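Descriptive structure summary
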Amino acid sequence: MPVVDQTSMLLLKGYAWLPGLRRRAAGDVVHTRLLGRRATGLCGPDAARFFYDERNVERRTALPGPIKSTLFGHGSVHGLDGAAHRVRKAMFTSLFSAPAVAALVAHVTTEWDLAVASWEGRRVVLFDETAEVITRAVCDWAGVTVDDGDLPELAADLVTMVDGLGSSGPRHWRARQARRRREAWLERFVRDLRDGSEDAPPDSAAEVVAVHRDAGGRPLHPRVAAVELLNVLRPTVAVSWFVAYAAHALHRWPEHRARLASGDAEFAEAFAHELRRFYPFAPLLGGRAARELDWRGEHIPAGSLVLLDVYGQHHDPRFWRDPYTFDPRRFLGTEPGPYDLIPQGGGDPASGHRCPGETLTVALLRTLTPRLARLDYDVPRQDLSISLRRLPARLSSGFVLVPALTPPCTGPRRPYGRPRATPPERLRPRPRRAEHGCP
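Residues numbered from 1 in each chain as written. Predicted model: local features only at pLDDT ≥ 70, side-chain atom pairs only at ≥ 80, totals over all residues. Heavy atoms only, no water.

Focus: the overall build of the protein
Per the secondary structure count, the protein includes 16 helices and 10 strands. The C-alpha radius of gyration computed for the protein amounts to 22 Å, which stays within 12% of the reference 22 Å derived for 439 residues, consistent with globular compactness. Its C-alpha atoms give the protein principal-axis dimensions of roughly 75 × 60 × 45 Å. About 19,000 Å² of surface is accessible on the protein, with carbon and sulfur atoms providing 54% of the total. Averaging the coordinates of the 61 positive side-chain charges in the protein and doing the same for the 51 negative ones gives two points 6 Å apart. (Helix = DSSP H or I, 4+ residues; strand = E, 2+ residues; numbered from the N terminus. Rg over C-alpha atoms; globule rule 2.2 N^0.38 Å. Areas by Shrake-Rupley, 256 points an atom, 1.4 Å probe, with all protein chains shown as cover. Lys, Arg positive; Asp, Glu negative; His and termini not counted. Charge placed at Lys NZ, Arg CZ, Asp CG, Glu CD.)

Below is the structure:
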């Protein structure tokens, strides 16, 4: 029987779509159609290893146009394979070396502390404030000149590019417009760098991208260079999603606050890993079968889509004990394998398609979440739901908080690092599982 195209169902069901198909198929492999193409859905660490083998799955012709036009950009590293991918990926790997990550974390930390000092006594939407903090810091670190007055609009555009990923309506078109606007801006910036009318610090991201030569020895077209600069700025600002999720986790499970606030670096890293496992971000990853394939007895035709169920893998009891329990302790004393925890891809980031900025994401969360845990604030009544039908998922309210006023005296006060409890009768009823990142 012909298989009905499931694109509309993906947009309707969101994160539950592929896990639901697999559940009905009673296995890790499901055959379907997506974007008009035959598709095979896979799940599990072994499937991730299979997916990230370039002999099996390629990316060059797999990314659909709408995703290129919003999230990644046309001509980006995400659509390359083989030598072209390795050379371009080496550029990104150099940008996110350990010293470079440490420098960027220091920039973000400085901007965060300055911002928090200005929050006292006012109502703050954490998601929005974090996006502006990170935008200012990453532009300064990358050597991209931004006027203070233009920064809020730039931060909003970078968020919009991510936010339009899984929508076919107004969010999608706003994301396209934001990308066109910022690509044109950075293309002018790259041209100015090359002709000497603009300067960037040596070895900064702007300078590295502007002078980079691809596998054929040619410099990047200015528009492609602009795309790749955005692929430094945009994913860094996307950490705002996880900072808002961190506030949500601390509000829902306050028992983790004290240890996180204490400065326990090992626990802070475990908390970062659990945030990326438990909360929804990438629902799935897609590629194209490079040849006729066989996966555990299931035939995958050459040229068809191969889908890796990221959200399903992160919530599968075969791979995670009590997967619907938020428990950072599962990562204490152990480092997740390269194909186990895959919110930003699997395998080796130096040679494969795993995001080279993953170490930066973890480092930022390892630094910012203890600061958040130590912050003294009220949580006013708000919508704290997280819809799994929305791609990408997002905390509905952005997490509104009101930092406490500093008392004028030195008398006793509540323990630092614990938010004031909202009276139980003022809290919304505990949301259903689906509102907390569970199918």
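Observations concerning the sheet that holds strand S3 (residues 57–58)
The strands making up a sheet are joined through hydrogen bonds of the backbone, oriented either antiparallel or parallel. Overall, mixed pairing links the 5 strands, which are arranged S1-S2-S8-S5-S3 in an open sheet. Single-partner strands in this sheet number two, and they are strand S1 (30–34) and S3. When S3 meets strand S5 (residues 284–289), the two strands line up antiparallel, connected through 2 bridges. Along S5, the bridge assignment pairs Val57 with Ala289. Here helix H2 (residues 17–25) sits on the sheet and contacts S1, strand S2 (37–42), S5 and strand S8 (305–309); the angle it forms with S1, its principal contact strand, is near 140°. (Pairing = 2+ DSSP bridges. Contact = heavy atoms within 4.5 Å. Axes fitted to C-alpha atoms, helices over the stretch in contact; angles between N-to-C directions.)

Considering the packing of aromatic side chains
Applying the stated criterion across every chain, the model contains 19 aromatic pairs. For the pair Tyr245 and Tyr279, a centre-to-centre distance of 4.6 Å together with 15° between the ring planes defines the contact as stacked. In this pair, Tyr245 sits in helix H12 (residues 239–252) while Tyr279 sits in the loop between helix H14 (265–278) and S5, placing the two residues 34 residues apart along the sequence. With a relative accessible area of 1%, Tyr279 lands in the buried category. Each ring, one from Phe278 and one from Tyr279, has its centre 5.1 Å from the other, and the planes form 75°; the classification is edge-to-face. Among the aromatic side chains, those forming a connected cluster through ring pairs are Phe127, Trp241, Phe242, Tyr245, Trp253, Phe267, Phe271, Phe278, Tyr279, Phe281 and Phe326. Directly above the aromatic system of Trp320 lies the positively charged group of Arg277, at a separation of 5.7 Å from the ring centroid. Geometry around Trp241 places Arg394 over its ring, the cationic atom sitting 5.7 Å from the centre. (Phe/Tyr/Trp six-rings, centres within 6.5 Å; stacked < 30°, edge-to-face > 60°. Buried < 20%, exposed > 50% of the residue type's maximum accessible area, 1.4 Å probe, protein only. Lys NZ or Arg CZ within 6 Å of the ring centre and 35° of its normal.)

Re the sheet that holds strand S4 (residues 124–125)
Here 3 strands make up an open sheet; going across it, the order is S4-S10-S9 and the pairing antiparallel. Both edges of this open sheet fall to S4 and strand S9 (377–378), since each of them pairs with a single strand only.

Thoughts on unusual backbone geometry
Geometrically, the link from Leu391 to Pro392 is a cis peptide bond, its omega value of -10° lying close to zero. Along the chain, the position of Pro392 falls in the loop between S9 and strand S10 (400–403). Of note in this structure, Ala26 is not a glycine but carries a positive phi near 55°. Residue position: Ala26 is located in the loop between H2 and S1. Its identity as a non-glycine residue notwithstanding, Leu35 has a phi of 55°, on the positive side. Residue placement: Leu35 occurs in the loop between S1 and S2. Taking the relative accessible area as the measure of exposure, Leu35 reaches 43% and is therefore partly exposed.

Describing the environment of Thr135
Inspection of the secondary structure assignment puts Thr135 in helix H7 (residues 126–142). When near neighbours in sequence (up to four residues on either side) are disregarded, Thr135 contacts Leu151, Leu154, Ala155, Leu158 and Val237. Here Ala131 takes part through its backbone oxygen, which lies 2.7 Å from a polar atom of the side chain of Thr135. (Polar contact = N/O pair within 3.5 Å; in protein donor to acceptor, adjacent residues only side chain to side chain.)

Considerations on the confidence of the model for the protein
Confidence in the prediction for the protein averages 89 pLDDT; 91% of positions are at 70 or higher. In this model residues 408–439 is a low-confidence stretch, pLDDT under 50, and it forms 51 contacts with partners more than four residues away in sequence or in other chains. (pLDDT = per-residue confidence, 0-100.)

Quick look at the pattern of salt bridges
Oppositely charged side chains are able to pair whenever their charged atoms sit close together. Counting across every chain of the model gives 31 salt bridges. For Asp316, the salt bridge goes to Arg318, with nearest N and O atoms at 2.7 Å. The exposure class assigned to Asp316 is buried, which follows from its relative accessible area of 8%. (Salt bridge = Lys/Arg side-chain N within 4 Å of Asp/Glu carboxyl O.)

What about the packing of helix H8 (residues 151–163) against helix H11 (residues 222–237)?
As a packed pair, H8 and H11 sit with axes 9 Å apart at the nearest point and diverge in direction by 85°. Judged on the interaxial angle alone, H11 and H8 are roughly perpendicular. Together, Leu158, Val159, Met161 and Val162 of H8 and Leu230, Leu233, Arg234 and Val237 of H11 make up the contact between the two elements. Along the lines of polarity and charge, the residues of the contact of H8 with H11 split into 7 nonpolar, no polar and 1 charged. (Parallel < 35°, antiparallel > 145°, perpendicular 65-115°, else oblique. Nonpolar A, V, L, I, M, F, W, Y, C, P; charged D, E, K, R; others polar.)

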